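Coordinate inspection notes
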Amino acid sequence: MNARKVITGGALLALLLLGAAWLFHTQAPVTGAPPAATPLRVHFPVGERRTYRMDYTARTEVRLAGSQQKPTAMGGRAHFVGDLVLRSHPAQGTALRVGLSLENLHEHTLELFGHALLPDAAAVAATFTGREALLDLDADGTLRAVSFQEEDPSLFKNTVQTLAGELQWVLRDGATWQVEELTSRGTALTEYARLNEGALPARILKRRLGYPEPRGMGTGSGDVEVDSRFELTLDADGVLERLSGEERVLRRPAGGGEPTATSHIQLRLEPGKRDRFVVAQASAAPAAQLQRLAPGELVTDAHARERMLAQQVDGLTPERFFELMEKYANGGTFPEHNHFLLQATGLLEQQPELCARLADFFQQSTLKPRGRALVLDLLAGAGTPEAQTALVRALSSPQALAEPGYRMLLSRLSLLTSPTPDTVRFIERTHRAARDDTRVATAYALGSTAGALYRQQQDAESLAAVQQLGAELRAARTPEDKAHLLLALGNAGLEEQVDVIAHYAQDADAQVRRASARALRKIQTPQAMRTLLSMTEDTDAPVQSSALTALGRRDLDESALRQLRDLALSGRVPVENHHTLVTVVEPYLQRAPEVRQLLQHLLTQDVPDAQLHTRIRGLLGT
């Protein structure tokens, strides 16, 4: 359980799902050339300014499951009508630099949990007037970074991050192409298609196919459904003329049912004024004075976070919290259980001194194993530095060490999304001293936390901890030990370990090979892709299933789809893996004929699975 991830993601998305688009593409027409020879490239002459009339609407909800008296969702809505302005500044090295600002917002609604964040014209002026973000782009339009003045309001920064990240446009040669884009909702698998071959004005269709790990849509294992379509027109000069479209994203619970989270955006841009501006010798602030953020990276405003926490806590007081803990913790569940977990984790963040009191509560002699596990769940769910300090203290206590299920208590550490160095050091010390099942639990937790810390801070200490797991793997002798250590490295998900993991893809033991495939699920490198594709040919069905599942987390090119088609046509996909295979190739149905051939072949198989046949016929429209 990580309740904080549910609320924080949903709240930030509700606050920040503000979009418009920036586009300024040109193409170099070649008379008589086929469409593939008419490349599109980003071009925006320095000193040129483009103004677009923008109409943007967004609404997001994350439902609070488990609350009977308060079944309403948490979320927000936005509506902006005004001008989106783009200005071309001198390039920064090889990167094109484009300014983005919002002006004349004569309609402005932005609400989070019922609170108006832009209540009047004065608030709008303070947030947007005179402010410009700087976008750094590659020649094909790939957004590399967004820079702001340090003193810019966080609401302005997050609005622009959503503008640039949610609806960026990446260009490639050819009639269709597919890319991964970084957005405030997570990495999006996106497909583009030219609708009128090489003609001008150029018309381009953009569709988001999926978000493998969506942010702001709650948590869980249920399906995420995306219905997305945006169309843009480039004028004869290769500059954006107009843009319109909408996108709906739903997350359903595992097994189906009503959506637990929804998001809907609508955007329309129409051409406005086109003119020039005077480019000063230093049109942008020195890099040292700018805050440079990765695409989709959001910042937190202290006042907004306070309001979000107040909504999350929903009136729960420390006295009432500990009263409920005394009464219900040993049973492991509370009245309106999920709602209480959200309140409690918010309270621990809102009043961090309560984390130490909760660690004291953990050590009460009257607390049973289920109650101790619940305390650790709450501290891990809060995830703050104070909560992690209390978590480590609780796990170091005599009461914890005496628990027969100590390894299960340690597993709560894997829930931390932003582990501190002290937390990782504790896990590393515990791992060195652990034996048997406890050592397995510490290996999993060490991989998860050290990997997360290394990705966030690039520090040598956390990398060394992951490398130590790799050394233990090389020294392991039994298939069980090898499998556990592979999964621990998979939790880390570091590219530096791909050679170590891939080495076991050909192990004599199927359990080890399956763990190798699962361990590659987070690693997005060509070597990881090649290894997983080779593992789809494994004669052990669970190994093949694990490889297919890992492939479903990455972008597949035509060669990979062709290999999967040939695998199916040769009869080397057992019946129990058909559903998994369909899930992997489904996003590519509209652009890859190999997928249609694969699905049509599966329909011809004499398999007593009516659900599978119905699913495939629905995809094929037959």
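Here the structure is a predicted model, which means the values were calculated and not measured. (Residues numbered from 1 in each chain as written. Predicted model: local features only at pLDDT ≥ 70, side-chain atom pairs only at ≥ 80, totals over all residues. Heavy atoms only, no water.)

**Observations concerning the overall build of the protein chain**
Condition: Segments assigned H or I by DSSP are reported as helices when at least four residues long, segments assigned E as strands when at least two residues long, and all are numbered from the N terminus. Type-normalised accessible area, obtained with a 1.4 Å probe on protein chains alone, sets the label of each residue: buried when under 20%, exposed when over 50%, and partly exposed for intermediate values. Two residues form a contact once any of their heavy atoms are found within 4.5 Å. Working definition of accessibility: Shrake-Rupley area with a 1.4 Å probe, residue cover restricted to the visible protein chains.
Per the secondary structure count, the protein chain includes 23 helices and 15 strands. Among the 622 residues that make up the protein chain, the fraction classed as buried is 54%. Considering only intrachain contacts with a sequence separation of at least 6, the fraction spanning at least 24 residues in the protein chain is 66%. Split by element, the accessible area of the protein chain, about 26600 Å² in all, is 49% carbon and sulfur.

**Some points on the pattern of salt bridges**
To keep things clear, this is the line we draw: By salt bridge we mean one thing: a side-chain nitrogen of Lys or Arg within 4 Å of a carboxyl oxygen of Asp or Glu.
Enumeration over the complete set of coordinates arrives at 37 salt bridges. Between arginine 242 and glutamate 270 there is a salt bridge whose closest N-O contact spans 3.1 Å. Of the two residues, arginine 242 is situated in strand E13 (residues 240–251) and glutamate 270 in strand E14 (residues 261–276); the sequence distance between them amounts to 28 residues. The buried category is assigned to glutamate 270, whose relative accessible area is 16%. The closest approach of N and O atoms between glutamate 558 and arginine 562, which form a salt bridge, is 4.0 Å. On the criterion of helical spacing, the pair formed by glutamate 558 and arginine 562 is a turn pair, its members being four residues apart in helix H20 (residues 558–569). Residue classification places arginine 562 among the partly exposed residues on the basis of a relative accessible area of 33%. Each of Glu241, Arg242, Arg268 and Glu270 takes part in a single network of salt bridges with overlapping partners.

**Description of the environment of lysine 273**
Tracing the sequence through the fold places lysine 273 in strand E14. Contacts of lysine 273, omitting those with residues within four sequence positions, involve Arg49, Arg50 and Thr51.

**Some thoughts on the nonpolar core**
One broad rule of soluble globular proteins: the nonpolar side chains tend to lie buried together. Selection criterion: As used here, the term nonpolar core means buried Ala, Val, Leu, Ile, Met, Phe, Trp, Tyr and Cys residues forming a set that is joined through side-chain atoms within 4.5 Å.
In terms of nonpolar packing, the biggest core is built from 107 residues, with Phe321, Met325 and Leu358 touching the most fellow members. Broken down by element, this core gets its largest block of residues, eight residues, from helix H8 (residues 369–382). Setting aside residues up to four positions removed in sequence, phenylalanine 321 forms contacts with Leu316, Phe340, Ala344, Leu347, Leu358 and Leu378. Grouped together as the second largest cluster of nonpolar side chains are 52 residues, Tyr52, Tyr56, Leu84 and Leu234 included.

**Structural notes on the side chain of aspartate 538**
We apply this condition: Any pair of nitrogen or oxygen atoms within 3.5 Å is treated as a polar contact; in protein, a donor-acceptor pairing is required on top of that, and neighbouring residues in sequence qualify only through side-chain atoms on both sides.
Position of aspartate 538 relative to the elements: it lies in the loop between helix H18 (526–535) and helix H19 (541–551). In this structure the side chain of aspartate 538 is engaged in a polar contact, spanning 2.6 Å, whose partner is the side chain of arginine 513. Beyond its immediate sequence surroundings of up to four residues, aspartate 538 is in contact with Arg513, Val543 and Gln544.

**What to know about helix H2 (residues 121–128)**
This is how the line gets drawn: Within this analysis, the arc is defined by the directions that extend from the helix axis to the C-beta atoms.
For H2, the full list of buried residues reads Ala123, Val124, Thr127 and Phe128. Buried residues of H2, viewed axially, fall in a sector of 105°; they line one side. Turned more than 90 degrees off the buried face of H2, the exposed positions are Ala121 and Ala122. Backbone nitrogen of alanine 122 and a side-chain oxygen of the N-cap are separated by 3.2 Å at the start of H2; the cap is aspartate 120. Among the residues trailing H2, glycine 130 stands out with phi positive, at a value near 75°.

**A few points about the pairing of strand E10 (residues 186–194)**
Threshold: Any two strands with at least two DSSP bridges between them are considered paired.
Taken across its nine residues, E10 has eight buried, putting it largely inside the fold. Examined bridge by bridge, strand E9 (residues 176–183) and E10 share eight bridges and lie antiparallel to one another. Along E10, the bridge assignment pairs threonine 183 with glycine 186. Hairpin connection, E9 to E10: the antiparallel pair is bridged by two residues. Sheet topology note: the E10/strand E11 (residues 202–210) ladder contains six bridges and is antiparallel. Bridging from a neighbouring strand, threonine 190 pairs with arginine 208 of E11.

**Re the packing of aromatic side chains**
What describes a pair of aromatic rings is the distance from one ring centre to the other and the angle between the planes of the rings. As a reminder of what qualifies: Working definition: rings of Phe, Tyr and Trp (its six-membered ring) pair if their centres are within 6.5 Å, and the pair is stacked with planes under 30 degrees apart, edge-to-face with planes over 60 apart, and tilted otherwise. Counting as a charge over the ring demands two things of the Lys NZ or Arg CZ atom: a distance within 6 Å of the ring centre and an angle within 35 degrees of the ring normal.
Counting across every chain of the model gives nine aromatic pairs. Measuring from ring centre to ring centre gives 4.1 Å for phenylalanine 334 and phenylalanine 340, while their planes differ by 20°; the resulting arrangement is stacked. Each of the two residues, phenylalanine 334 as well as phenylalanine 340, counts as buried. Taken together, Phe321, Phe322, Tyr328, Phe334, Phe340 and Phe361 form an aromatic cluster joined through their ring pairs. A cation sits over an aromatic face here: arginine 87 above phenylalanine 277, 4.2 Å from the ring centre. The ring of phenylalanine 362 carries the charged tip of arginine 372 above its face, separated from the ring centre by 5.5 Å.

**Here we look at the packing of helix H15 (residues 479–492) against helix H17 (residues 510–519)**
Stated precisely, the cut-off is as follows: Here the axes come from fitting lines to C-alpha atoms, over the contacting stretch only for helices, and the angles between their N-to-C directions go from 0 to 180 degrees. Note that the term roughly parallel is reserved for angles under 35 degrees, roughly antiparallel for angles over 145, roughly perpendicular for angles of 65 to 115, and oblique for everything else.
As a packed pair, H15 and H17 sit with axes 8 Å apart at the nearest point and diverge in direction by 5°. Taken together, the axis directions place H15 and H17 in an arrangement best described as roughly parallel. Judged by residue contacts, Pro479, Glu480, Lys482, Ala483, Leu486, Leu487 and Gly490 of H15 engage Gln511, Val512, Ala515, Ser516, Arg518 and Ala519 from H17.

**Things to note about the packing of helix H5 (residues 318–328) against helix H7 (residues 354–362)**
This is how the line gets drawn: The crossing is said to be left-handed when, going from far helix to near helix, the turn is anticlockwise and less than a right angle, and right-handed when the turn is clockwise. Residues were grouped as follows: Ala, Val, Leu, Ile, Met, Phe, Trp, Tyr, Cys and Pro as nonpolar; Asp, Glu, Lys and Arg as charged; and all remaining residues, including Gly, as polar.
Contact pair H5 / H7: the axes reach a minimum separation of 12 Å and the direction vectors enclose 20°. It follows from the interaxial angle that H5 and H7 lie roughly parallel. In this structure, H5 crosses over H7, and the sense of that crossing is right-handed. Here Pro318, Phe321, Phe322, Met325 and Glu326 of H5 come into contact with H7, specifically with Leu354, Arg357, Leu358 and Phe361. Of the residues in the contact of H5 with H7, the class split is seven nonpolar, no polar and two charged.

**Notes on the confidence of the model for the protein chain**
Regions with low pLDDT should not have their predicted coordinates read in detail. Here is the rule we go by: The quantity known as pLDDT measures the predictor's confidence residue by residue, on a range of 0 to 100.
Across the protein chain, pLDDT averages 85, with 88% of residues at or above 70. Segment residues 1–38: pLDDT under 50, and 147 contacts once partners within four positions in sequence are set aside and those in other chains are kept.

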